[in-house]
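Coordinates in review
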Amino acid sequence: MTKVVAIMSMSLDGYVADTNDGVAEVFDWYFSGDVEVLTASASSGMTFRVSAPSADHLRSLVAEIGAMLTGRRTFDNAGQWAGDHHDGVPIFVLTRSAPDEPPPGSARYVTDVGDCVAQATAAAGDRDVLLHGAATAQACLRAGLLDEMELQVVPVLLGQGRRLFEDMPPDHVELQLVRVLDGPGVQHLRYRVRKAG
Amino acid sequence: MAIIRLYMTMSLDGYVAGPRDGVDEPMGVDGFRLFNWLDRRNDPGPSGQVYAEVLATRAVIAGRRTYEHAGRWQGDHHDGVPVFVLTHDVPDDAPPGSIRYVTDVRECARQAREAAGDDDVMVHGAGAAQALLRAGELDELELHVVPVLLGQGRRLFDHLPARHVELDLVRRLVTSEPDDLVQHVVHLRYRVRRS
């Protein structure tokens, strides 16, 4: 069954970007190894160079992806992936208001979180929906629509910036740790959201 | 020389207590969820190992808030080791037991290292940890990361300057999955890299 999986790189103190929306620190591990992993559209020219364990892990993650779900901020900050995250998988962009101009390539705008998850899930077939973006992860968590979190915890304290977990209600969300992998410079922690009942 | 190491239980979303923590409710609303892993503190395995290490420390540095919320540990945190309470204003009444008050963070670190000798110093509380980090006196962090999102509460990492602190992971211990998932925990130990 299709799962909605948030994948985010985060500093140990919980930030996904610095005070200028910069991600160089938390993405450092993507570029500090010696195994190449092609990703995020060949057209973007972005090639990750990671350690062997992280490379295996990334390849298996990419193989799970049936659709991308992302927030508008992340989408725009990533140059809209030039319309192709990888292999033309459909990209669903959650936004408060859709611009008049249609998004490039395989992207489309959706303004309602439930609608967005439903469309992405349908498009993903028997694979998973991979989610990017702190605000979108929070929206899905609040709506009870997030199934798993794949956190890449980076050994740095940023001190300030944009947090992954912010403005959440005080209700506890119980998780189950399902996998831990160590790459140099990053811990890959996979958690499943335990649904009530 | 003694290592000054923070031992802290934290939810995955970075909280060390629930909302509205105070003397009457030291862990905040529903914050005791964080301590379920301690049910296994005397079992063999990672949680027992980490807890034994806590008890082997020979000095404690605590923030004033933590100290007061914990009922001043009635003067004895563990084994009568000296407890250095970092505070802006020293109370008029004499501290109980093995407690002493220190107002300067570097002086506090110096005294605690000296007291611990060849053993380690345990740091208790978010406020003390932040003060030591800012002063460059924190050597290591041992975080017990609990698989829960509290949503709100008191954060471990807050009020820090936008200055990056590089860390190195030196140990990662994961408990085997217990029957009761709330006892599950990941123990991550980091060393603070000196710039």
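To keep things clear, this report deals only with the structure shown in the data block.

Conventions we followed
Within any chain, residue numbers begin from 1 and follow the written order of that chain's sequence. Naming scheme: in the order in which they are written, chains are lettered from A and ligands are numbered from 1. Confidence filtering applies because this is a predicted model: local features only for residues at pLDDT of at least 70, side-chain atom pairs given and counted only at 80 or more, and all residues used for totals across whole chains, interfaces and linings. By the criteria applied, helices consist of DSSP H or I runs no shorter than four residues and strands consist of E runs no shorter than two, each listed in order from the N terminus. Contact between residues is assigned whenever the C-beta positions, reconstructed from backbone atoms, fall within 7 Å. Throughout, the ten residues Ala, Val, Leu, Ile, Met, Phe, Trp, Tyr, Cys and Pro are labelled nonpolar, Asp, Glu, Lys and Arg are labelled charged, and all others, Gly among them, are labelled polar. Any two strands are treated as partners once DSSP identifies two or more bridges connecting them. Think of a nonpolar core as buried Ala, Val, Leu, Ile, Met, Phe, Trp, Tyr and Cys residues, each tied to the set through C-beta atoms within 7 Å. Partly exposed residues are those whose C-beta has more than 12 but fewer than 20 other C-beta atoms within 10 Å; with 20 or more the residue is buried, with 12 or fewer it is exposed, and the C-beta atoms are placed from the backbone. Each axis is a line fitted through C-alpha atoms, taken for helices only over the stretch in contact, and angles between the N-to-C directions span 0 to 180 degrees.

1. A look at the environment of A:Ser54
Residue and element names in this part refer to chain A. Following the sequence through the fold, Ser54 ends up in helix 2 (residues 52–64). For the pair Ser54 and Gly33, spaced 21 residues apart in the sequence, the C-alpha separation amounts to 8.7 Å. Those residues in contact with Ser54 that sit more than four places away from it in its chain are Trp29, Gly33, Gly183 and Val186.

2. Considerations on the interface of chain B and chain A
Across the contact, 30 residues belong to chain B and 26 residues belong to chain A. Those elements that place two or more of their residues in the side of chain B that touches chain A are strand 8 (148–149), strand 10 (165–174) and strand 11 (186–192) of chain B. With seven residues, the top contributor of residues to the side of chain B that touches chain A is strand 10 of chain B. In terms of residue class, the side of chain B that touches chain A is built from 18 nonpolar, five polar and seven charged. The pairing of strand 10 (residues 156–157) of chain A with strand 10 of chain B spans two bridges and is antiparallel. Within the sheet, the bridge partner assigned to A:Leu157 lies in strand 10 of chain B and is B:Val165.

3. Re the nonpolar core
Counting 105 residues, the largest nonpolar core has A:Leu69, A:Leu131, B:Ile61 and B:Val123 as the members making the most contacts within it. Considering each element in turn, this core owes the most residues, six residues, to helix 4 (residues 126–134) of chain B.

4. Quick word on the sheet that holds strand 12 (residues 173–183) of chain A
Here we have nine strands laid out as an open sheet, ordered 7(A)-6(A)-5(A)-8(A)-1(A)-9(A)-13(A)-12(A)-8(B), and mixed in their pairing. Looking at strand neighbours, the two that pair on one side only are strand 7 (107–110) of chain A together with strand 8 of chain B, the edges of this open sheet. Examined bridge by bridge, strand 1 (residues 4–11) of chain A and strand 8 (residues 128–132) of chain A share three bridges and lie parallel to one another. Bridging from a neighbouring strand, A:Ala6 pairs with A:Leu131 of strand 8 of chain A. Taken strand by strand, helix 4 (residues 113–124) of chain A contacts strand 1, strand 5 (65–71), strand 6 (91–94), strand 7 and strand 8 of chain A, and its axis lies near 160 degrees from that of strand 5 of chain A.

So far we have only geometry, and geometry alone does not tell us how the molecule works.
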